[in-house]
Each structure stands twice: as C-alpha cells, then as structure tokens.
Protein chains: 2
Amino acid sequence: MKKQDSVFSDRITDVPRSFIREILKVALDPSVISFAGGLPNRALFPVEALKEATSKVFDAHGRDVLQYSNSEGYPELRDYISARYREKSNLDVPVENILITSGSQQGLDLLGKIFLNDGDGVVIEEPGYLGAIQAFSLYKPEFLPVSVSSQGMDVERLSSVMSKCPKLVYTVPNFQNPSGISYTEQNRRDVSRALEGTSTILIEDNPYGDLRFTGEPHSSFKELLPDNTVLLGSFSKCIVPGFRLGWIVAPTHIMKKLITAKQATDLHTTHFTQSIVYQYLRDNNIDEHIKTIIDVYGRQCQAMLSSMQKYFPPGVTYTEPEGGMFLWVELPQNVVALDLFELAIKDKVVFVPGDPFYVNRTRTNDLRLNFSCVDEETIVTGIQRLGNAIGKIAGTGA
Amino acid sequence: MKKQDSVFSDRITDVPRSFIREILKVALDPSVISFAGGLPNRALFPVEALKEATSKVFDAHGRDVLQYSNSEGYPELRDYISARYREKSNLDVPVENILITSGSQQGLDLLGKIFLNDGDGVVIEEPGYLGAIQAFSLYKPEFLPVSVSSQGMDVERLSSVMSKCPKLVYTVPNFQNPSGISYTEQNRRDVSRALEGTSTILIEDNPYGDLRFTGEPHSSFKELLPDNTVLLGSFSKCIVPGFRLGWIVAPTHIMKKLITAKQATDLHTTHFTQSIVYQYLRDNNIDEHIKTIIDVYGRQCQAMLSSMQKYFPPGVTYTEPEGGMFLWVELPQNVVALDLFELAIKDKVVFVPGDPFYVNRTRTNDLRLNFSCVDEETIVTGIQRLGNAIGKIAGTGA
C-alpha cells in the first residue's frame, strides 16, 4: 500500500483528519448548544491578573524574555513546577528533569519523535485522546488499543499486549478525555505491575488532575513506576490554553534526547509567556483560582448528570466523572452516534460522536459530552434536546 | 548499524548535537568577546512599543487570544503578511496559503514531517544552516550537499544531484547563514531552471531578506519557480526572536498537509503573541524600525570588514555580505578552525568553527563570525585578538 508516486511522506497520509475541527465549524451558529468543544471556560480566565503580570515582565526583564533563550524553559517556572510537585503530590521532580513544551500536545510529538520507529507498538486507551492518536500517527506505530472502563485500564488485555513489547503505553488516568473516567488506586497498581521490569515507557498525561470535584486523589504512576514513567502537565486547564504552555517530566537519559528533539523542532518555547505565567503564579493564589474552576465545572457536571437522568430514554448509560471536563454516553446498541449527530444538529445541539476516539472502529454507539463551557441552564435545555433526538432515533418515541 | 537494542528511535540518534549551544555556554564570561552567537541585537528590540501593543490586546480581546484557537494562525496577522508580500515584493500570496509557525525552525520540522521518508534526498547548502540540518536529520534523509560561493549555489553540482530526484532543495538565498553570501539574479534563474518540471520542492528560507545594507534585491524563487517553492519567513530578526513567530507560504495542496501536521504537532502557535505583533505592526512604522537595524548592522559589518583587512594575516579570505548578520572566514589550508578556537578562547574571543555547518566534513579551515550583537569598538578589539591568534597558529608570527 506504499504510495510510491506521492510527493508527500507516508507518515502524513496516516494522520486522521480532525473530525472535531469540522464539528466546531458547525457549532459557530450561536443558536446551537455545543457539548462538542474541549475548551476550558473562557469566563474564568484571569485576564486582569495576567495583564498585570505581563506589565511587570516587560518592566523587569523585557529584553531578556524577548531574546532567543534556552530550550529547557524559563528557569523560575521550572523551579515552580518542581516545588509544586513536592508540595502537592509529594513527588521528587528535580528541575533538570522538567522541559517546558508548547502545550502538552508538543510533549506527545517529542515523545513520538524520540521513541518510535515504524511499526513500534503504542498502547492507547480505548476510547482514547484524539490528539495523542494524531501525534503518534506521524511516527507510524502499531496502535494497540486497550479498553478503559470506570475502573481504569483493562489489565488483562494490557498484560496480553505487553507480549508485543510496546515502546509506549499512553494513559490519562485522571478524568480521561474523552470518557471522564479515572483509574482506581488498585488499577494503577495493577497497570504498574504489568510494566515493571520492562523497558516500556508509560506516559501519564495529566492535564485535568487538579480539577477534582469529588472523591480522593490517587497515586501518580510517577510514584508507582518511577523509572518507566514520563509525566505530562499543562497550564491550559487551570490558567489559559492560549499561551500553549505544558511540560514534560522525564528521567535524565530520556530528557537528554527530548532536549535534542525540542531544539530541532522549534528551538524553544517562548520565554515571554512562560515568564508571564511565572509572575502570575507568584502574585496570585492559584489554589483559590482552581477552586473557583472546580466549583463551576462541578455544578455544570452535576446539572448534566441530573438532566440526563431526567431526559434520556432508558437504555442510555453514561459515566459519572469525579472531575475534568467531559463525560461519555453509551447509546443503545442499535443507535449509531454519527446518525444521531445528523438528527441532533437539526434540533440545535451538537456533541462529538465516538468514532474519532477509536483507532479502528467506526459507526460506534457512544459519544463525548463537554460540560465546562456551557452554563447550567443551557445544559438542561441542551440535554433535553439531545434526549428527544435519542428518543426519536432509538424509536422509543420519547 | 541499526541499534536494535536501543529504547530510542533511530531518528533521534542521527541528530547532530548543537555545537553552538556548547560554545554559547563558554561565551557567558563577560570578558570574552563573542562573534559566535546568532542573535539579533537586543538593544534594538522595540520593548516599549510591544508593551503598549500588549496592553491594547488585553483590553480589546484578551479572552479571545487566551483561548484555544485555529491552527492556521491569527487571521489579521496572516492578512498583514499577504498584503506586505504584495506591496514590498510584488508577490501574490493569498492568505489561505500562509501558516503561522512557532519560529521558522518549526517550518523546517513541519516540512520534514510531510515530505521526507527515510533515505529521501535533501539538497543542503555547503556550508549550510545548522538548524535545517538538525530539523531534517530527524526524518532520516540522505543529505546531498551542494556548495555555495559568492555567486550562489553551484549549479553544475545541483544539476548533477538532481538525477537523484531529491524531495527538497533547501536554500537561504539572501545573506545566508552561515556564509553571508547571496545568490545572484543569474544564479537564481539557473537554480530555478534546474528544478523546473520536476516535483522537487525548493525551500526558500528568508529570515534576513529585509536586512540589506547595500546592493539591490533579487527575485524570489517564489516568483521564478512558483509551483515548486515553499517560502519561510520570520519576525525574529526585524521585531523580536523571543516570540518565536515565523510563517510558511506554500501552494494549496502542500498547505493542507502542513495544517494537519501543525495540528498534530502543537495544535497551534499562541494567538496571544501573534496579536501583539499584529497590533505593533498596525501602530508603528516597521520600515523605519528596519532602517534603524540596517544602519547599526551595516556599520558593524563594515567595522568587521575593515578590521579583518587590517589585522588578519595574508592568506585569510572572507565574504563581504550585503546584509544579514554573518560573514564567513576561510583560514589558510593548514589551519584547523577547531584548533584556532582553543587558542582564541584563551585570548578571550570566540566564533563558531565551520564543522557543524557541514554534514560530512570535520576539522575544516573555515569559521562563522556574527556582527549583529557586538558594537563597532568591541568588533575592532575582537578582530585584532582573532588576527593575533590566527597569526600564531598559522605560524606567520603576526
């Protein structure tokens, strides 16, 4: 199947087109209620505080942060991240094991770059994060999907695919995108045990970890499986996504390769926005700000759960997230989410059908709902519309 | 030579380590005069004007530019770039053929991603830009070096390597990094003729094009070879490098692939800094600002040329750039630039030895000097020190 005559590389033909991108275009109509986006709520952006921080940065070291800088990242920001891991998660992460990236999406690209040869195995959650599927696709791996449920990863299946010696196991253990599920403490230990003693790298992508509404936090893989774990973090969900700032935590021998790859890829991430974020974190109480976000998202999540219970016909099930921005709906077996999408958009409500979150399935009967961007009242209206549409398509006449 | 037992990808082991990075560490000693850097002069950064532009951006559309945004880039900035090509270079570049990147280094990474399969041919200038060698190395091409001289690219050699059907020909036709040379009008036409009718893509990397001290500008490859040319531009040299903002101009079928790759790589470049640059360009006269830069760099270049004439021993030759930030020195045959480096650093002057600018040569007898970051007086002192060191090592007793 090699397209010998194409001027383009084989790898670029393997990347799935972003279905979500297409959907978001549709959702621009303001009368459409959108549960499709993956955006944090812009009403909560600390715009004034960031403006103040920026002004300070210009005055204190404008010329420094506007010049070319080092590839690792703004030193003070890396110090901050290290200290916060120690303080909040009891994790010992030395500064030299932290690399600032242009969003955690870039972290995925860099990890694909330094680890993946053609055909290398990559364990991916099923359903899994679309951005990770896209990023890794460029390095032509063999995807090994392992399903996730409300307990976490299917460890039996994971143990079975470990016989293929995958290079990477990609996980979002807290409030997963797209499903909203979290791995239980036991599941984390079982997953760690399956990887122990192997050279497989576990990627713990944790953009939503701070956004917990209920329940207790669990151990990080970084703690359970320190030698094999690479941790990804982000400022996108707790401050703003527009700065495109994330980070990678990796063991020293991996960090060396990451820095080489980072340099070849874009020299460095702008220190300008890094220093603004650092100044903002110094001058403001981020924990209070996070609490505000949690209150809003938690209430919106609750409104969505109650509305689904009220308006969804029987036979529809859904996850009950303890945090994050998404939940996952499973429709009756005979309902194709893509068909529901066509119907629902006429009723002015949209979501993301399950298909793009699978590497090898289409016309699935599940879908992702986002609750971070829509206020409670609108959620009730939107879920009612969606419930009607499901009722129509499922033939229950609801 | 495949390292089967390495946990890392083959590609990452192919990337040359950045020699310049190592040198820059040495150059931190303030008593060392450094001609090694590749930095624009920070004294010329328009810090106050950028601060004002930033404040306006926060007030006018803070929330918009702090949210996730489209992958193509900030629309108004792309409009500006398109209009400027029309006005200044008489080039017709529609907005939809412009993609904003995280510096033009990222442009190189994206082009490598979408074009290169293992072993594909990439014509690279000899000596050539180290960042391009690093970026393309990750996609495991066969480099086909073609030498450049004061006339431009060696067209006979280029025509000969064209028989290998290279995917890419990488050029910096204006004030090349590292050599400072520019392609003549005739050379550009000859190079274009060598590619005409082929499916080889010519990359015209033009970060320095606006910084012309003397002479007349020449035709862009975009004009001479429109279907095959991909143009790279940058705000790093005329505004500030720290924002990491560049762009790619590409034909529509290539642009589609680039956007897919951009999305998988880092979703998008921050619209925050893009909107600041756009606001700055609206409120200020960029041509006046460029004129200031040209005046300073032109005087510094002249000071370097005069000092070399005065202090360098016979047998040393050098290029005479019409613009940009670098010039290139060829030492007598028996002098190894790396050895000179060891000697010169004791005399408190540093430069970049030629080696990293070649894909397959070491212990070369040439070196790169930067003149953008050092004032005229310091240049005279530094060149005198360097002349002494050359004299010592060449055994002329100067």
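Please read these numbers as outputs of a predicted model, since none were measured by experiment.

### As for the pairing of strand β7 (residues 201–205) of chain B
As a general feature of sheets, a regular strand has side chains that alternate between the two faces.
All names here are of chain B.
So, step 1. Where burial is concerned, most of β7 is hidden: five out of the five residues are buried.
So, step 2. Where burial is concerned, the two faces of β7 agree: the one with I201, I203 and D205 and the one with L202 and E204 are both buried.
So, step 3. As paired elements, strand β6 (residues 168–171) and β7 share four bridges and run parallel to each other. When the sheet's bridge partners are listed, T171 is paired in β7 with E204.
So, step 4. Where the polypeptide runs from β6 across helix α8 (residues 185–195) and back to β7, its parallel neighbour, the crossover connection is right-handed.
So, step 5. Pairing of β7 with strand β8 (residues 229–234), which is carried by four bridges, proceeds in the parallel orientation. Note that in β8 the partner of L202 across the bridge is T229.

### What about the interface of chain B and chain A?
So, step 1. If you look at the interface, chain B gives 76 residues, while chain A gives 76 residues.
So, step 2. With both chains or domains summed, chain B and chain A bury close to 6,500 Å², and 58% of this area falls on carbon and sulfur atoms.
So, step 3. Together, B:F8, B:R63 and B:Y68 form the three largest contributors to the area buried by chain B at its contact with chain A, with a combined 11%.
So, step 4. If you look at where chain B meets chain A, you find six salt bridges.
So, step 5. A salt bridge links A:D109 to B:K113; its shortest N-O distance comes to 2.8 Å.

### Overview of the relation of the copies chain B and chain A
So, step 1. For the match of chain B to chain A, the screw axis carries a shift of 0.0 Å, the RMSD comes to 0.0 Å, and the turn is 180 degrees. What the superposition gives is, in effect, a two-fold axis relating one chain to the other.
So, step 2. A share of 100% of interface residues in chain B that are also interface residues in chain A marks the association as one of identical surfaces.

### Some thoughts on the confidence of the model for chain A
So, step 1. When pLDDT is averaged along chain A, the result is 94, and 95% of the positions lie at 70 or above.
So, step 2. Taken over the whole predicted complex, pTM reads 0.95, whereas the ipTM for its chain interfaces reads 0.94.

### Comments concerning helix α3 (residues 47–66) of chain B
So, step 1. The first and last C-alpha atoms of α3(B) sit only 21 Å apart over 20 residues, clearly below the 28 Å expected at 1.5 Å per residue.
So, step 2. In the structure, α3(B) departs most strongly from a straight axis at B:A60, where the bend amounts to approximately 85 degrees.
So, step 3. Those residues of α3(B) not exposed but buried are B:V47, B:A49, B:L50, B:A53, B:T54, B:V57, B:F58, B:G62, B:V65 and B:L66.
So, step 4. Of the surrounding secondary structure, the elements contacted by the buried residues of α3(B) are α3 (47–66) and α11 (271–283) of chain A together with α11 (271–283) of chain B.

About the cut-offs
Residues numbered from 1 in each chain as written. Chains lettered and ligands numbered in written order. Predicted model: local features only at pLDDT ≥ 70, side-chain atom pairs only at ≥ 80, totals over all residues. Heavy atoms only, no water. Buried < 20%, exposed > 50% of the residue type's maximum accessible area, 1.4 Å probe, protein only. Helix = DSSP H or I, 4+ residues; strand = E, 2+ residues; numbered from the N terminus. Pairing = 2+ DSSP bridges. Right-handed = clockwise from strand over helix to strand, strands pointing away. Contact = heavy atoms within 4.5 Å. Buried area = accessible area lost by both parts, 1.4 Å probe. Salt bridge = Lys/Arg side-chain N within 4 Å of Asp/Glu carboxyl O. Least-squares fit on C-alpha atoms with pLDDT ≥ 70 in both. pLDDT = per-residue confidence, 0-100. Expected span 1.5 Å × (residues − 1). Bend = angle between axes of the 7 residues up to and from the residue.

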